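Read off the chains here:
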Amino acid sequence: MPNFKLKGLPKQVANSAQIYQIISYIDNSYSNKRSIEASNRAGVKSHIEKIELPEIMQHFFGEKISWEDLGNLKQELVEIIKTAPVVTLTLSSIPSSSLRTKFVAWFRAISPIVLVEIIVDESIMGGVIVKTERRKLDFSISSVLPLGKKSFKEIIDNV
Amino acid sequence: MSISDTSNSNIYQWIITLLVIAIVLFIVLIIAHKDSKRLNKHQRPAVKAETHVNSIQLKKASEEALNKATEQMISSYKINFERQLNQNMNLLNKTFKDNVSSATIEFQKSLQDFQIKSKTMTEEAQAQIVKATDLAEQQMQDIAKSKKDALIHKVDSSLNNILVGYLNNSLEGTIDLNDQQDYIFEKLEKNKSLIIEDITNAKF
C-alpha cells in the first residue's frame, strides 16, 4: 500500500491546467528514470546523470516523496481533475500572484481540492463573477451600473 | 332679298314711268301738231302765232316735266340707294357684331378653358411638388432612422467597451484588483453559504 495520500491541493496549484503540468512533470521524471535504469543495465552511461524531481514537487510535497508516491500522486491528480468541483472566477484584470493565491485559499478553506479557474473580462469593469456548476453569482461593477442597453436606446430615441 | 335685287326692281319701275311720260308727251305733241295743221289751213296768222307760242310753252313744260321726273327718279333712286346702303350697312354691322360677338364668346370660352386647364396644371404641379416633398421627407426620415438604428446597434454592440473605456479614462486606471479586494471578499463572505452548498454538493 502506498504511504502517500494527498490531503489536498496546495494553494499554488489553482486549476486543472496546473495539475496537468504536474502530471507532465511526473511522466517526464519517470521517463528519465527508466532511461537511466536501462542505460545502467546495458553498461552504457546515460546522458541523464541524475534524476531530480521537479522543484515544484519538492516545494509542494516535500523532499521525502518517493517514486512510488509520485505514481500515487499522479493517480490522485487525475482523479481530482475528473471529479473535483470547479469554481470559475471572472475578474476585470489579471490578479497578482498573491491575490490569486488568496482567492484559491479562500475556496480551499471550503474544499481542499476545489479547482479555481480564473478568467479575465474587462467588460465587467470590476468586482467578480463566481460561477459554480449550479449557479452564477454576479458581483461585477457592470451589473450594478444604472445604464444598460435598453436605457441607452431609450435615451437615443428621445434625442 | 338682296341689295342688287332691290336696286334692279326700282330701276325697272322708273324706266316704265319714263316710258309712260314719254308716250303721253308723244300723244300730246301729235294732237298739237294736228291742231297746228288745222289752224294753218283755217285760222288767221295771229292764231297761228299763238299756237306756236303754245307749242313752245308746251314743249318747255314737257321738258320741265321730263327734267322734274328725271330729278325725282334720281332723288328716289338716291333715297332708295341710301336706304339700301343703310340696310346693307346695318346688315354688315349686325353681321360684324355677330361675328365679333361669336369671336368674343369663343375667345372667352377659350380663355375659360385655358384658365381651367391652367388651374388644373397648377394643381397637378402643386400635387407633384407636395408628393415629391413628402417622398423627400420620407427618405430623409428613413435615412435618419437608418443612421439612428446603426448608431444604436454600434453602441449596443460595443457598449461594454465604451463604458469600460469611459470609466478607465475617468479613473485613469486607478481601479486595481488589489483595491477591489475588500469589495470582492465581502461579497464572497456574504454568499459563502451558497458557494459552500454548490461546492460540497458537487459531484466528487
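It should be emphasised that the depicted structure is a prediction, and the values quoted were computed from it without experimental measurement. (Residues numbered from 1 in each chain as written. Chains lettered and ligands numbered in written order. Predicted model: local features only at pLDDT ≥ 70, side-chain atom pairs only at ≥ 80, totals over all residues.)

**Student:** Outline the overall build of chain A, listing residues and values.
**Tutor:** From N to C terminus, chain A includes five helices and four strands. Along chain A, from the amino end to the carboxyl end, the secondary structure elements read α-α-α-β-α-β-β-β-α. Each of the 159 residues in chain A was classed as buried or not, and the buried ones make up 21%. Contacts in chain A between residues far apart in sequence, at least 24 positions, make up 66% of those at least 6 positions apart. (Helix = DSSP H or I, 4+ residues; strand = E, 2+ residues; numbered from the N terminus. Buried ≥ 20, exposed ≤ 12 C-beta atoms within 10 Å, placed from the backbone. Contact = placed C-beta atoms within 7 Å.)

**Student:** Summarise the overall build of chain B; cite the residues concerned and give the values.
**Tutor:** Along its length, chain B carries five helices and zero strands. In chain B, the succession of α and β elements from N to C terminus is α-α-α-α-α. The buried share among the 204 residues of chain B stands at 3%.

**Student:** Can you explain the sheet that holds strand β4 (residues 136-140) of chain A? Please cite residues and give values.
**Tutor:** Overall, mixed pairing links the four strands, which are arranged β2-β1-β3-β4 (chain A) in an open sheet. The open sheet has two free edges, formed respectively by β2 (115-120) and β4 of chain A, since each of these has just one partner strand. Shown here is a sheet whose adjacent strand axes are inclined to one another by a mean of 15°, direction ignored. Judged from the five bridges that link them, strand β3 (residues 127-131) of chain A and β4(A) form a sheet pairing that is antiparallel. Bridge pairing in β4(A) places A:K131 opposite A:K136. Here helix α4 (residues 177-190) of chain B sits on the sheet and contacts β1 (86-91), β3 and β4 of chain A; the angle it forms with β3(A), its principal contact strand, is near 45°. (Pairing = 2+ DSSP bridges. Axes fitted to C-alpha atoms, helices over the stretch in contact; angles between N-to-C directions.)

**Student:** Please provide a residue-by-residue account of the nonpolar core, values included.
**Tutor:** Formed by 26 residues in total, the largest nonpolar core has its most connected members in A:V87, A:L89, A:F107, A:V114, A:V116 and A:V128. Sorting the residues of this core by element identifies α1 (16-42), α3 (67-83), β1, α4 (97-108), β2 and β3 of chain A together with α4 and α5 (192-200) of chain B as the ones contributing at least two each. Not counting residues up to four positions away in its chain, the partners in contact with A:V116 are A:A14, A:N15, A:V87, A:L89, A:F103, A:V104 and A:F107. (Core = buried A, V, L, I, M, F, W, Y, C linked by C-beta atoms within 7 Å.)

**Student:** Tell me about the confidence of the model for chain A, and please be specific about residues and values.
**Tutor:** Mean pLDDT over chain A stands at 80; residues scoring 70 or higher make up 77%. Confidence scores differ between elements of chain A, with helix α5 (residues 149-157) of chain A showing the lowest mean pLDDT of 53 and β1(A) the highest of 94. (pLDDT = per-residue confidence, 0-100.)

**Student:** Give me α1(A): which residues, what numbers.
**Tutor:** For α1(A), spanning 27 residues, the distance from its first C-alpha to its last is 39 Å, which sits close to the expected 39 Å at 1.5 Å a residue. Remark: A:G43 follows α1(A) within two positions and exhibits a positive phi of approximately 70°. (Expected span 1.5 Å × (residues − 1).)

**Student:** So what's going on with the packing of α1(A) against α3(A)? Residues and values would help.
**Tutor:** Residue and element names in this part refer to chain A. One can describe the packing of α1 onto α3 by two numbers: an axis separation of 10 Å at closest approach and a directional angle of 150°. Relative to α3, α1 is oriented roughly antiparallel. Crossing of α1 against α3: the hand is left-handed. On α3, the residues that touch S16, I19, I22, I23, I26, S29 and K33 of α1 are W67, L70, L73, K74, L77, V78, I80 and I81. In terms of residue class, the contact of α1 with α3 is built from eleven nonpolar, two polar and two charged. (Parallel < 35°, antiparallel > 145°, perpendicular 65-115°, else oblique. Left-handed = near helix turned anticlockwise from the far one by under 90°. Nonpolar A, V, L, I, M, F, W, Y, C, P; charged D, E, K, R; others polar.)

**Student:** Describe the confidence of the model for chain B, with residues and values.
**Tutor:** Residue and element names in this part refer to chain B. Mean pLDDT over chain B: 81, with 80% of residues reaching 70 or higher. At the level of individual helices and strands, chain B shows its lowest average pLDDT in helix α3 (residues 159-171), which scores 63, and its highest in α5, which scores 89. Model confidence for the complex: the whole-complex pTM is 0.49, and ipTM, which rates the interface, is 0.78.

**Student:** Requested: an account of the pairing of β1(A), with residues and values cited.
**Tutor:** All names here are of chain A. As defined by bridge partners, β1 adjoins β2 across six bridges and the pair is classed as parallel. Across the sheet, L91 pairs through a bridge with V120, a residue of β2. Handedness of the crossover is the feature at issue here: the chain leaves β1, passes through α4, returns alongside β2, and the resulting connection is right-handed. Both β1 and β3 contribute to a ladder of three bridges, which runs antiparallel. Paired with T90 across the bridge in β3 is I129. (Right-handed = clockwise from strand over helix to strand, strands pointing away.)

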